[in-house]
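# Remarks on the overall topology
Here's the letter readout for the chains.
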Amino acid sequence: MAGKDGGNLKTVRLWRDAALRARKLRSNLRQLTLSCPGVGADPIDDSPDSSPPQLVLPANLGDVEVLNLGNNGLEEVPEGLGSALGSLRVLVLRRNRFARLPPAVAELGHRLTELDVSHNRLAALGAEVLSALRELRKLNLSHNQLPALPAQLGALAHLEELDVSFNRLAHLPDSLSCLCRLRTLDVDHNQLTAFPGQLLQLAALEELDVSSNRLRGLPEGISALRALKILWLSGAELGTLPEGFCELASLESLMLDNNRLQALPAQFSRLQRLKMLNLSSNLFEEFPAALLPLAGLEELYLSRNQLTSVPSLISGLGRLLTLWLDNNRIRYLPDAIVELTGLEELVLQGNQIAVLPDNFGQLSRVGLWKIKDNPLIQPPYEVCMKGIPYIAAYQKELAHSQPAVQPRLKLLLMGHKAAGKTLLRHCLTEHRVEASGEGGDQEKGYSPPPPPPPPPPTSKGIEVTSWTADASRGLRFIVYDLAGDESYEVIQPFFLSPGALYVLVVNLATYEPPQFPTTVGSFLHRVGARVPHAVVCIVGTHADLCAERELEEKCLDIHRQIALQEKRDAEGLSRLARVVDEALARDFELRCASPHAAYYGVSDKNLRRRKAHFQYLLNHRLQILSPVLPVSCRDPRQLQRLRDKLLSVAEHREIFPNLHRVLPRSWQVLEELHFQPPQAQRLWLSWWDSARLGLQAGLTEDRLQSALSYLHESGKLLYFEDSPALKEHVFHNLSRLIDILNVFFQRDPSLLLHKLLAGTSGEGEGDGESSLVMAVPPPPPLSQDLLRATQLHHYVEGFLLHGLLPAHAIRLLLKPHVQAQQDLQLLLELLEKMGLCYCLNKPKGKPLNGSTAWYKFPCYVQNEVPHAEAWINGTNLAGQSFVAEQLQIEYSFPFTFPPGLFARYSVQINSHVVQRSDGKLQIFAYRGKVPVVVSYRPAKGALQPDTLSIASHASLPNIWTAWQAITPLVEELNVLLQEWPGLHYTVHILCSKCLKRGSPNPHAFPGELLSQPRPEGVAEIICPKNGSERVNVALVYPPTPTVISPCSKKNVGEKHRNQ
Ligand SMILES: Nc1nc2c(ncn2[C@@H]2O[C@H](COP(=O)(O)OP(=O)(O)O)[C@@H](O)[C@H]2O)c(=O)[nH]1
Ligand SMILES: [Mg+2]
């Protein structure tokens, strides 16, 4: 049947009913299914020289009433079919290769009641064969290549069900009007150019599908089809419906999606039996009022129109169970909508709804609820996303408390090293007392300009400050200065969150057009990958060092190159989306038939998911504000102009609904409690600690989540709700957390040494445990002092070269933050959870017995390749031949590679592997006894994107061990990649035959196959790179499908609202 949107459920029901009917009919009949030996084992072999399969009929078939010869690749029916089957009633020939109706079928004609020849290659129907089938009640000719139907079809006087869908019919024979018993007719997906008038005579017709034909209109006379209950008219290019349509009084289900309707006929309300109506993907600008009197309506789909409002009278549709209004332009919902208390599905995503009606919680039966991509303010987005019960609770609370607005926005300064971020921050926020935290936020805007302060001697790393930008309204920015040095790349992404204002800082004095990718382009890619739809403005510093002309030209160039990059990316994505569309347009069977095809073997479900992701990426491009804002930190007027500009951007309600949000009192109390002693001093709180504070504030646990997400997005704290490893923590003490992280990423040898020395000098002073850790007796004599200094120097070197540090050195580095051994342990665990380091020599879950624990920070590893001895099997990766079969899953990242991903991934896999050896770009390790290699290959120009691959090998019979080795690693990577909802990447399974040959460009099977079951009856797949090679399926499909499909993004964008 036609591609229905929204009506999938209905389709399922229809199919089920049909299947039941068919089964009932056949239940008492003697059945036989025959398959050719060998066929099915390799149905993809479609080469012309292979001879067609032959079937031999067994003897004694005289009693058989139902014969199924489907799925056999037959071109001819078996010898003697006509004479051998004296009792045959039902013949199934579907999914073969018949080019015509086999003449032998005519011999069965006097008995046959059902014939199924669907999915063949019929280009014509033999008229004689057809006329012989006088008793036929059910005929299926769908999915063939028929350009026409013979007139003899009209002579099948008993025909009740006819399916000729998915052919090439431009006309139907006139004789069709004689089929007076016809109840069901499928003519969808043909090439009809008008509604066939013959059909108007079919008074018994109950179900008709004419979808996906270019009908362009319907005849007045359609009113003759009085018995019609189900009518499919999807994608029929209809612009209007005739008045006669309103006389189809039996109609219960009506599919009109994907047409060009703007209105319904006035009398539409006469269709009083209508239960389901699909009007999605039309051109309705106004809600069709003519359907409001249809009191029996249960399902209504109006997705993808141009509705701007919904009338109050919708409450009259008291039986409504399903209401889809997504992807319109609806700005608000009528209060009366809450009267539809029977609703079970309410889909509102992709509209312009800012406020939900009071008492929305009354819609308590709604189970399917979609609201994302609306600029929601009230209730807050976080609440709405969590579902109706949360909305109910929130609305109840709001009714009983005094809400207030607390305008606050997270502002992130990003950009290359020495772009001028830090000075800009100082200058913008000048008058405030920074060191003492928030107490001094009293200053007004900018008044007489002091000279710019001297820059700090060395970069302090990432910093956070609070800036009261408009004291009169209490508007505050929480400014995150994300240090530009590359060493911070690993931790920067933790600070990028939705709902913030991103300021990308560029040094205009040094900027030259060829530097665009590194100073602007890559930053935009990263922000977009992490926070889809983020708002970015570009600030050019050092304007004082540029001539006027130069300034103008550079700003223009940045502007132009941004536009080019955006255009290129969007076009690239659209192209990729089209490939998915084309693949989807082909049948799954067809896709499976050729390994050459794009998305070979990928299921419709996976393709649709892929398509949805592309659509999501295209709809959530960055919001880059132009023009580039030039500023000199030496010019107070320019600084003031920039302040004003930032304020006016923040004021945009559509862009930053956060700022104008009315908050429940309990949320404010919760925030205050987090920053009160004693908890304020703690490095972080556990989720439970926060929950207890929530209870004090009057927030039950279930509502805490929303409040914490809000605090995270507005910059007040860090709370990684989606990270399985980190969601148990609430990081409210930002400055301390950042101090700690900075310690490890400053990458400054003298600073590190200084810290270590300062740490040791305090050793032993009333710190009982430290001597235990250091194993150095205090007080040390002079020579030992020297010895120790050398030792510490050695540590610094080891750290910067190999990323190695012993626990006691880490303790020295963290001296002010670590009071007891236990603190150190907790901190190290946190760093491990964040994916920053792992313990080299501690068996999982067990304490170390007195020996020194060593920690590895993979982002510091400098040696290009790991020590080769780790890869013991004598085999290598450089293309020498292997005895074993290769498995390799390759992720490629055509637009941007998430910064720090390889380093963090290195940590995440640690719990799965043993005997690892890390290189800068490669890790050799074992999963049990099976070797695994993880390799990162940075991009080489536009043609070869960044790739990350996971490989293993084993002999063919043992290949499952290799799958077992890599699957957890693949899943671990998928989890990490979920932190990047705006990222485009592809996954492929490399052809193991190509790998074995050492091919530099192995064939890549789609990674979606990883999440699909192995196809039944297929043993080998042809490698398109070398037609004579066949790859065992066990080398392409895992033994059991992986849990997370490589292309699925759990909750894609759910947190990333349309701002
Ligand atoms: N002349 C001039 N110098 C600037 C300007 N902005 C920053 N600088 C200088 O550029 C250097 C790098 O600035 P900094 O803020 O540390 O860059 P960051 O690495 O992005 O934080 C410092 O020496 C600043 O004093 C500006 O607008 N004009
Ligand atoms: Mg800086």
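Residues numbered from 1 in each chain as written. Chains lettered and ligands numbered in written order. Predicted model: local features only at pLDDT ≥ 70, side-chain atom pairs only at ≥ 80, totals over all residues. Heavy atoms only, no water.

## Things to note about the overall build of the protein
In terms of helices and strands, the protein carries 24 helices and 37 strands. Contacts in the protein between residues far apart in sequence, at least 24 positions, make up 57% of those at least 6 positions apart. Split by element, the accessible area of the protein, about 44700 Å² in all, is 53% carbon and sulfur. (Helix = DSSP H or I, 4+ residues; strand = E, 2+ residues; numbered from the N terminus. Contact = heavy atoms within 4.5 Å. Areas by Shrake-Rupley, 256 points an atom, 1.4 Å probe, with all protein chains shown as cover.)

## Focus on the site of ligand 1
Around ligand 1, the structure places 15 residues, and the nearest of them are Ala 418, Lys 421, Thr 422, Leu 423 and Asp 544. Between an oxygen atom of ligand 1 and a main-chain N or O atom of Leu 423, the distance comes to 2.7 Å. Residue Arg 634 places a side-chain N or O atom 3.2 Å away from a nitrogen atom belonging to ligand 1. Burial of ligand 1 by the protein amounts to 80% of the accessible area it has alone, namely 570 Å². (Near = heavy atom within 4 Å. Polar contact = N/O pair within 3.5 Å; in protein donor to acceptor, adjacent residues only side chain to side chain.)

## Some points on the sheet that holds strand E26 (residues 804-806)
Note on sheets: strands pair through backbone hydrogen bonds, and any given pair is parallel or antiparallel. One open sheet holds the three strands; their spatial order is E26-E28-E27, and the pairing between them is antiparallel. Since the sheet does not close on itself, it has two edges, and those belong to E26 and strand E27 (838-839), each with one partner. Here E26 runs beside strand E28 (residues 854-856); their pairing, made up of three bridges, is antiparallel. Looking at the pairing, Pro 806 lines up with Trp 854 of E28. (Pairing = 2+ DSSP bridges.)

## Considerations on the packing of helix H13 (residues 665-674) against helix H15 (residues 701-713)
Relative placement of two packed helices is described by the angle separating their axes and the distance separating the axes. Two elements in contact, H13 and H15, have axes whose closest approach is 10 Å; the angle formed by their N-to-C orientations is 65 degrees. Regarding the angle of H13 to H15, the classification is roughly perpendicular. Where H13 crosses over H15, the handedness of that crossing is right-handed. Mapping the contact onto sequence places Trp 667, Leu 670, Glu 671 and His 674 in H13 and Leu 704, Ser 706, Ala 707, Leu 708, Tyr 710 and Leu 711 in H15. Grouping the amino acids of the contact of H13 with H15 by side-chain chemistry returns seven nonpolar, two polar and one charged. (Axes fitted to C-alpha atoms, helices over the stretch in contact; angles between N-to-C directions. Parallel < 35°, antiparallel > 145°, perpendicular 65-115°, else oblique. Left-handed = near helix turned anticlockwise from the far one by under 90°. Nonpolar A, V, L, I, M, F, W, Y, C, P; charged D, E, K, R; others polar.)

## Description of the packing of helix H22 (residues 901-908) against helix H23 (residues 959-977)
Interaxial distance between H22 and H23 falls to 10 Å at its minimum, and their mutual angle equals 130 degrees. In terms of their interaxial angle, H22 and H23 are classed as oblique. Pair H22 / H23 crosses with right-handed handedness. In this structure, H22 contributes Leu 901, Arg 904, Tyr 905 and Gln 908 to the contact, and H23 contributes Leu 969, Val 970, Glu 972, Leu 973, Leu 976 and Leu 977. Of the residues assigned to the contact of H22 with H23, the class counts are seven nonpolar, one polar and two charged.

## Some thoughts on the side chain of Arg 425
When you line up the elements, Arg 425 lands in helix H7 (residues 421-429). Residue Arg 425 is classed as buried on the basis of its relative accessible area, which comes to 1%. Side-chain polar atoms of Arg 425 contact the side chain of Glu 463, separated by 2.7 Å. (Buried < 20%, exposed > 50% of the residue type's maximum accessible area, 1.4 Å probe, protein only.)

## What about the pairing of strand E19 (residues 475-481)?
Across a regular strand the side chains alternate sides, sitting on one face of the sheet and then on the other. With seven of seven residues buried, E19 is to be regarded as a mostly interior element. Residue alternation in E19 divides its side chains into two sets, Leu 475, Phe 477, Val 479 and Asp 481 and Arg 476, Ile 478 and Tyr 480, and both sets are buried. Here strand E17 (residues 408-414) pairs with E19 via six bridges, running parallel. Along E19, the bridge assignment pairs Arg 408 with Arg 476. Sheet topology note: the strand E18 (residues 463-470)/E19 ladder contains seven bridges and is antiparallel. Bridging across to E19, Thr 468 finds its partner in Arg 476. Where E18 folds back on E19, the antiparallel hairpin that results is connected by four residues, among which Gly 474 adopts a positive phi of roughly 70 degrees.

## Some points on the sheet that holds strand E21 (residues 535-541)
The sheet built from six strands is open, its strands ordered E18-E19-E17-E20-E21-E22 with mixed pairing. Because the sheet does not close on itself, it has two edges, and the strands there are E18 and strand E22 (623-630). Across the sheet, the mean angle from the axis of one strand to that of its neighbour is 25 degrees, orientation sign disregarded. Of the strand pairs in this sheet, strand E20 (residues 501-507) and E21 are connected by seven bridges, and their pairing is parallel. Across the sheet, the residue bridging to Leu 501 is Val 535, located in E21.

## As for the nonpolar core
If you look at soluble globular proteins, the nonpolar side chains tend to sit buried side by side. Ranked by internal contacts, the top residues of the largest apolar core, which has 131 residues, are Leu 115, Phe 245, Phe 268, Leu 291 and Phe 360. Broken down by secondary-structure element, the contributors of at least two residues to this core are helix H3 (104-107), helix H4 (127-132), helix H5 (381-386), helix H6 (388-399), H13, helix H14 (687-697) and H15. Apart from residues lying up to four places away in sequence, Leu 115 is in contact with Leu 91, Leu 93, Leu 101, Val 105, Leu 133, Leu 136, Lys 138, Leu 139 and Asn 140. Grouped together as the second largest cluster of nonpolar side chains are 81 residues, Val 490, Ala 809, Leu 827 and Cys 859 included. (Core = buried A, V, L, I, M, F, W, Y, C linked by side-chain atoms within 4.5 Å.)

## A look at the packing of aromatic side chains
Under the definition given, this model contains 21 aromatic pairs. Centre to centre, the rings of Tyr 394 and Trp 667 are 6.2 Å apart; their planes meet at 70 degrees, and the pair counts as edge-to-face. Here Trp 667 lies in helix H13 and Tyr 394 lies in helix H6, a separation of 273 residues in the sequence. Take Tyr 394 and Trp 667: they sit in the same class, and that class is buried. (Phe/Tyr/Trp six-rings, centres within 6.5 Å; stacked < 30°, edge-to-face > 60°.)

## Details of unusual backbone geometry
Going from Ser 626 to Pro 627, the amide bond is cis rather than trans, its omega being 0 degrees. Looking at the element boundaries, Pro 627 is found in strand E22. The omega torsion of the bond from Pro 677 to Pro 678 falls at 5 degrees, within 30 degrees of zero and hence cis. Here Pro 678 is to be found in the loop between H13 and strand E24 (685-686). At Arg 216, a position not held by glycine, the phi torsion is positive, near 65 degrees. Along the chain, the position of Arg 216 falls in the loop between strand E8 (207-209) and strand E9 (230-232).

## A look at H23
Here H23 contains 19 residues, and its C-alpha end-to-end distance of 27 Å stays within 8% of the 27 Å for a straight helix at 1.5 Å per residue. Judged by how many residues are buried, H23 sits mostly within the fold: 16 of 19 residues are covered. (Expected span 1.5 Å × (residues − 1).)

## As for the confidence of the model for the protein
Of the residues in the protein, 86% reach a pLDDT of 70 or more, and the chain-wide mean stands at 85. Low pLDDT, under 50, characterises residues 39-49; the predicted model gives this stretch 26 contacts beyond four residues in sequence or across chains. (pLDDT = per-residue confidence, 0-100.)

## With respect to the pairing of strand E33 (residues 946-954)
Here E33 lies mainly inside the structure; nine of its nine residues are buried. Judged by which residues are buried, E33 turns out to be covered on both faces: Asp 946, Leu 948, Ile 950, Ser 952 and Ala 954 on one side and Thr 947, Ser 949, Ala 951 and His 953 on the other are all buried. When strand E29 (residues 885-893) meets E33, the two strands line up antiparallel, connected through nine bridges. Bridge pairing in E33 links Gln 886 to His 953. Pairing of strand E32 (residues 930-937) with E33, which is carried by six bridges, proceeds in the antiparallel orientation.

## Details of the state of the cysteines
Per the stated rule, a full pass over the model turns up zero disulfides. Cys 178 takes part in no disulfide bond, and the closest cysteine sulfur to it belongs to Cys 180, at a distance of 8.2 Å. The thiol of Cys 427 is unpaired, and the distance to the nearest cysteine sulfur, on Cys 633, comes to 4.2 Å. The exposure class assigned to Cys 427 is buried, which follows from its relative accessible area of 3%. (Disulfide = S-S within 2.5 Å.)

## Re the environment of Leu 812
On the secondary structure map, Leu 812 appears in helix H20 (residues 807-813). For the pair Leu 812 and Thr 760, spaced 52 residues apart in sequence, the C-alpha separation works out to 6.7 Å.

## Topic: the side chain of Ser 487
Relative to the helices and strands, Ser 487 is located in the loop between E19 and E20. Within the local environment of Ser 487, its side chain forms a polar contact with the backbone oxygen of Phe 745, the two atoms lying 2.7 Å apart. Residues contacting Ser 487, with those up to four places away along its chain left out, are Phe 745 and Arg 747.

## Section: the environment of Pro 957
In this fold, Pro 957 is placed in the loop between E33 and H23. With a relative accessible area of 68%, Pro 957 lands in the exposed category. Sequence spacing of Pro 957 and Ala 1034 is 77 residues, and the spatial spacing of their C-alpha atoms is 9.2 Å.

## Comments concerning the environment of Lys 920
Within the secondary structure layout, Lys 920 lies in the loop between strand E30 (914-918) and strand E31 (922-927). Looking at Lys 920, the relative accessible area reads 37%, which means it is partly exposed. The spatial distance from the C-alpha of Lys 920 to the C-alpha of Ser 935 is 9.2 Å, given a sequence separation of 15 residues. Dropping the residues within four chain positions of it, Lys 920 is found in contact with Val 861, Gln 862, Asn 863, Glu 864 and Phe 902.

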